[in-house]
Amino acid sequence: MALLNIDNISVSYGSIKALKQVSMHVNEGDIVSLIGANGAGKSTLLKAIVGLEPLVEGSITFEDEIICCDTVSKSVPTEKIAKKGIALVPEGRRVFADMSVEENLDMGAFLIRDEEVIRKKKEEMYDFFPILGARRKQKTRSLSGGEQQMMAIARALMSSPRMILLDEPGLGLAPLIIQDIFDKIAYINKSENVTVFLVEQNARMALKASTEGYVMENGRIVLSGSSKDLLNNDSVQSAYLGA
C-alpha cells in the first residue's frame, strides 16, 4: 500500500523550476531510493514533502490525506506533517552544535508531552547508538561527522515516525562509517517497521539498500523501477555507477 503519493508536483525558485511535474510513490514498509547528480532537485523534493517548499503544481498525500498542494489553504503546516509521522534528516545533519547530544535528542521529541516517554525514547536511542550514550553530555560540535549523522538519525527517530526521509546520510563520511549507517537504516526499516525514503549520491549503495528506486535529472523523474533492475540498467551504470 502506498503510504506516500507524490502527484505531478512542481516547485519553483523565482523563474527557475527546481521540480517539474514529479510523480512517485513510497509503499509502506519499503526502502525507496532517489538518485541523481548534485543539483538535480532531490533535496528540494524532500523539503516539499515536509512543507518547507511550496508547490506551484500538484499534490502530496500521506495515508491518502493531502498534506501539500498548490493551494495554500489545503496544505498542512510542517509541524502537523511531523505529527502525522514523517521525520526528515536533512542534508549536512543540521545539528545544534552548542547543545549536548541529550539536548539535541530532546529537540527531536518536541511533539511529545510525556516526560517518561521521552526518557524511554532517549534510552532506546542510546542502546541503538551506544556512542551517543557514552557522549550524551558532550557538546555536539565535539562529535565526529559519523557520530553527528547517527545523532541526526536518532533525533528524527525520537518522534517514533512512520516514515523517515534521509537526505545524503553518507555525505562526507568514510566508507566504513557509511556502511555502519546503512546497516542501521536497514535495521530501522525491518525491526522498527519504519518506511524509508533515501536520497543519496552514492547510487550503488542506495540501490543496493532499497527495494524500489527513482532517478532524477534536472528536476524530473527520468527512470523508475525495482532497485535491482536499475542497478543493471545500462544508462544508470554509465551515468551513476562508473561502469
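Going by the structure above, here's the rest.
Quick notes on the rules
Residues numbered from 1 in each chain as written. Predicted model: local features only at pLDDT ≥ 70, side-chain atom pairs only at ≥ 80, totals over all residues. Heavy atoms only, no water. 1 Å grid on protein atoms, 1.4 Å probe; cavity = no way out; pocket = protein on both sides within 12 Å on 5 of 7 lines; lining within 4 Å. Points joined across faces, edges and corners; volume = space filled by probe spheres on them. Helix = DSSP H or I, 4+ residues; strand = E, 2+ residues; numbered from the N terminus. Nonpolar A, V, L, I, M, F, W, Y, C, P; charged D, E, K, R; others polar. Buried < 20%, exposed > 50% of the residue type's maximum accessible area, 1.4 Å probe, protein only. Core = buried A, V, L, I, M, F, W, Y, C linked by side-chain atoms within 4.5 Å. Contact = heavy atoms within 4.5 Å. Expected span 1.5 Å × (residues − 1). Lys, Arg positive; Asp, Glu negative; His and termini not counted. Salt bridge = Lys/Arg side-chain N within 4 Å of Asp/Glu carboxyl O. Pairing = 2+ DSSP bridges. Axes fitted to C-alpha atoms, helices over the stretch in contact; angles between N-to-C directions. Phe/Tyr/Trp six-rings, centres within 6.5 Å; stacked < 30°, edge-to-face > 60°. Lys NZ or Arg CZ within 6 Å of the ring centre and 35° of its normal.

Participant: I'd like a rundown of the layout of surface pockets, residues and numbers included.
Facilitator: Within this model, the largest pocket holds a volume of roughly 510 Å³. Around the largest pocket, the lining comprises 20 residues; the ones closest to its centre are A87, L88, P90, F110 and R155. Of all elements in the fold, only α2 (78-84), β6 (86-89), α3 (101-108) and α6 (145-157) reach the threshold of two or more residues within the lining of the largest pocket. The residue makeup of the lining of the largest pocket, split by class, is 14 nonpolar, three polar and three charged. By volume, the second largest pocket amounts to about 210 Å³. Around the second largest pocket, the lining residues are K121, E124, M125, F128, L157, S160, P161, Y187, I188, E192 and V194. Looking at the lining of the second largest pocket, the elements that each hand over two or more residues are α4 (115-128) and α7 (175-191).

Participant: So, the environment of Q237: which residues are in play, and what are the values?
Facilitator: Relative to the assigned elements, Q237 resides in helix α10 (residues 234-240). Judged by relative accessible area, which is 22%, Q237 ranks as partly exposed. On a C-alpha basis, the gap between Q237 and A203 in space is 9.3 Å, while along the polypeptide they are 34 residues apart.

Participant: How would you explain the nonpolar core if you had to name every residue and give the values?
Facilitator: One finds I153, I164 and L166 to be the most contacted residues of the largest nonpolar core, which totals 44 residues. Sorting elements by how many residues they give to this core places α6 first, with seven residues. Excluding anything up to four places from it in sequence, I153 contacts V89, F129, I164, L166, I181 and I188.

Participant: Hey, could you go over α6 for me, with residue numbers and the actual values?
Facilitator: An α-helical turn contains 3.6 residues, so any two residues separated by three or four positions project in the same direction. Spanning 13 residues, α6 covers 19 Å between terminal C-alpha atoms, matching the ideal 18 Å at 1.5 Å per step. Every buried residue belonging to α6 is among G146, E147, Q148, Q149, M150, M151, A152, I153, A154, R155, A156 and L157, and all of these are buried. The elements touched by buried residues of α6 are β6, α3, α4, α5 (130-134), β7 (163-167) and α7.

Participant: Can you lay out the side chain of E168 for me, pointing to particular residues and giving the numbers?
Facilitator: Along the chain, E168 turns up in the loop between β7 and α7. For the buried E168, no salt bridge exists, and the shortest N-O distance to an oppositely charged side chain is 4.1 Å, to K42. Not counting residues up to four positions away in its chain, the partners in contact with E168 are K42, E91, Q149, V199, E200 and Q201.

Participant: Break down the sheet that holds β6 for me, with residues and values.
Facilitator: Ordered in space as β6-β7-β8-β3-β9-β10, the six strands form an open sheet in which the pairing is mixed. Edge positions in the sheet fall to β6 and β10 (220-226), since each of these pairs with one other strand and no more. The average angle at which neighbouring strand axes cross in this sheet is 15 degrees, direction not considered. Bridge analysis of strand β3 (residues 31-35) against strand β8 (residues 195-199) gives four bridges, and the strand direction is parallel. What sits directly across from S33, in β8, is L198. In the packing of α6 onto the sheet, contacts are made with β6 and β7, and the angle to β6 comes to roughly 165 degrees. Running over the sheet, α7 touches β3, β7 and β8 and is turned about 150 degrees from β8.

Participant: An account of the packing of aromatic side chains is needed here, citing residue identities and associated values.
Facilitator: Applying the stated criterion across every chain yields a total of two aromatic pairs. Look at F128 and F129: their rings are 4.7 Å apart centre to centre, the planes differ by 65 degrees, and that puts the pair in the edge-to-face class. The structure contains a cluster of three or more aromatic residues connected by ring pairs, namely F128, F129 and Y187. Here the guanidinium or amino end of K184 rests over the ring plane of F128, the centre of that ring lying 4.6 Å away.

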